[in-house]
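Single-letter residue listing:
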Amino acid sequence: WTPGLRRWQQRVLFLRRVLGAAEWPDVGDDALSASLDDWLLPVIGGVTRAAGLRGIDLGAALESLLPWPQRRRLDELAPTHVEVPSGSRLRLDYSGETPVLAVRVQEMFGCAETPRVAGGRQPVLLHLLSPAGRPVQVTADLAGFWSGSYREVRKDLRGRYPKHPWPEDPLH
């Protein structure tokens, strides 16, 4: 398992939780172990030596669990990255119950709404960071943050990071 394959697994399991077990297969470790003959055996059928296992494309074997239209939907409903107003493409973390986007506060200036995934059903949990990359706020309600606690966060960060812009109205 590579980190990329674990992220793929977490994205599919997230959609299974949010959109339903009927639509998305169980790709958890236990379910995969129980169904090795279905998804892994066709890929390793011709391998006769341990050295031949190195050439196995585990990613292709796992992706075969999803029909082609569902593979496209995976990328639409559970994207790997989100583009923020600053232009950066940041990776989403699906390892918990809710997808997490760790982003510097300044990179969200101009964004009024919390990014959403799963066809708009699930807001992303934002870990808003200082310029040094330290968490200053965790929220799934960006609009509420801008209208509420941003004033206090701004006051604190403006003192610690005077060379960075801290507008009174972060939406404009």
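Attention in this report is confined to the structure presented alongside it. (Residues numbered from 1 in each chain as written. Predicted model: local features only at pLDDT ≥ 70, side-chain atom pairs only at ≥ 80, totals over all residues. Heavy atoms only, no water.)

### Considering helix 6 (residues 68–77)
Applied cut-off: Think of it in three bands: with a 1.4 Å probe and only protein chains considered, a residue is buried below 20% of the maximum accessible area for its type, exposed above 50%, and partly exposed in between. Comment: elements are numbered from the N terminus, with helices defined as DSSP H or I runs of at least four residues and strands as E runs of at least two. When we speak of the arc, we mean the arc of directions from the helix axis to the C-beta atoms. The contact rule is simple, with two residues in contact once any of their heavy atoms fall within 4.5 Å.
Looking at helix 6, one finds that the buried residues are Q70, L74 and L77. Taken down its axis, helix 6 places every buried residue within 85° of arc, on the same side. For helix 6, the exposed residues lying more than 90 degrees away from the buried face are W68 and E76. Contacts made by the buried residues of helix 6 are with helix 1 (3–19) and strand 4 (116–117).

### A word on the nonpolar core
Let me state the cut-off plainly: To define a nonpolar core, start from buried Ala, Val, Leu, Ile, Met, Phe, Trp, Tyr and Cys residues and group those joined through side-chain atoms within 4.5 Å.
Grouped together as the largest cluster of nonpolar side chains are 41 residues, with contacts concentrated most on L15, L101 and M108. Put simply, the parts of the chain that give this core at least two residues each are helix 1, helix 5 (58–63), helix 6, strand 3 (100–104), strand 6 (125–129), helix 7 (142–147) and helix 8 (150–160). A total of six residues in this core trace back to one element, the largest contributor, which is helix 1. Excluding residues within four positions of it along the chain, M108 makes contact with V84, P85, V103, P115, L126, L128, L142 and W146.

### A few points about the sheet that holds strand 3
Filter applied, for reference: DSSP bridges decide pairing: two strands pair if at least two such bridges lie between them. Axes, fitted as lines to C-alpha atoms, cover a helix only where it is in contact. Angles between the N-to-C directions of the axes lie from 0 to 180 degrees.
Overall, mixed pairing links the three strands, which are arranged 3-6-7 in an open sheet. Among the strands making up the open sheet, the edge pair consists of strand 3 and strand 7 (135–139). Recorded for the sheet is a direction-independent mean angle of 20° between the axes of neighbouring strands. For strand 6 and strand 7, the ladder comprises four bridges, and the chain directions are antiparallel. Note that in strand 7 the partner of L128 across the bridge is Q137.

### Points about the packing of aromatic side chains
So the rule is basically this: Only the six-membered ring of Trp is used, alongside the rings of Phe and Tyr, when aromatic pairs are assigned; centres must lie within 6.5 Å, and planes under 30 degrees apart are stacked while those over 60 apart are edge-to-face, with the rest tilted.
Applying the stated criterion to the full structure yields seven aromatic pairs. Geometrically, the ring pair formed by F14 and Y94 is tilted, given 5.3 Å between the ring centres and 50° between the ring planes. Taken together, the positions of F14 in helix 1 and Y94 in the loop between strand 2 (89–91) and strand 3 put the pair 80 residues apart, joining distant regions of the chain. As far as the burial class goes, F14 and Y94 line up, both buried.

### Concerning the environment of P170
Mapped onto the secondary structure, P170 falls in the segment after helix 8. Distance from P170 to A112, taken between C-alpha atoms, is 8.9 Å for residues 58 residues apart in sequence. Contact partners of P170, with chain neighbours within four places excluded, come to F109, G110, W146 and Y150.

### Notes on helix 1
Operational definition: Here, expected helix span is obtained from the residue count minus one, scaled by 1.5 Å.
With 17 residues, helix 1 ought to run about 24 Å at 1.5 Å a step, and its terminal C-alpha atoms sit 24 Å apart, in line with that. Within helix 1 the residues assigned to the buried category are L5, W8, Q9, R11, V12, F14, L15 and L19. Taken from the residues just after helix 1, G20 is the one with a positive phi, measuring 120°.

### Brief notes about unusual backbone geometry
Despite not being glycine, A118 shows a phi value in the positive range, around 60°. Position of A118 relative to the elements: it lies in the loop between strand 4 and strand 5 (122–123).

### Quick notes on the packing of helix 1 against helix 6
Think of two packed helices as two axes; the pair is described by the angle between the axes and how far apart they sit. So the rule is basically this: Roughly parallel means an angle under 35 degrees; roughly antiparallel, over 145; roughly perpendicular, 65 to 115; everything else is oblique. Note on residue classes: Ala, Val, Leu, Ile, Met, Phe, Trp, Tyr, Cys and Pro are nonpolar, Asp, Glu, Lys and Arg are charged, and everything else, Gly too, is polar.
Their axes nearest at 11 Å, the elements helix 1 and helix 6 cross at an angle of 85°. Classified by the angle their axes make, helix 1 and helix 6 are roughly perpendicular. Touching W8, R11, V12, L15 and L19 of helix 1 are L74, D75 and L77, all from helix 6. Of the residues in the contact of helix 1 with helix 6, the class split is six nonpolar, no polar and two charged.

### Here's the deal with the pattern of salt bridges
A side chain of one charge can pair with a side chain of the opposite charge when the charged atoms of the two come close. Here is the rule: Salt bridge, as applied in this entry: a Lys or Arg side-chain nitrogen positioned within 4 Å of an Asp or Glu carboxyl oxygen.
On inspection of all chains with the given rule, the structure shows six salt bridges. For E152, the salt bridge goes to K155, with nearest N and O atoms at 3.5 Å. Taken as a pair, E152 and K155 lie in helix 8 at a separation of three residues, close to a single helical turn. Take E152 and K155: they sit in the same class, and that class is exposed. Measuring nitrogen to oxygen at the nearest pair gives 2.4 Å for the salt bridge that ties D156 to R160. Here the residue D156 and the residue R160 both occupy positions in helix 8, the gap between them amounting to four residues, near one helical turn.

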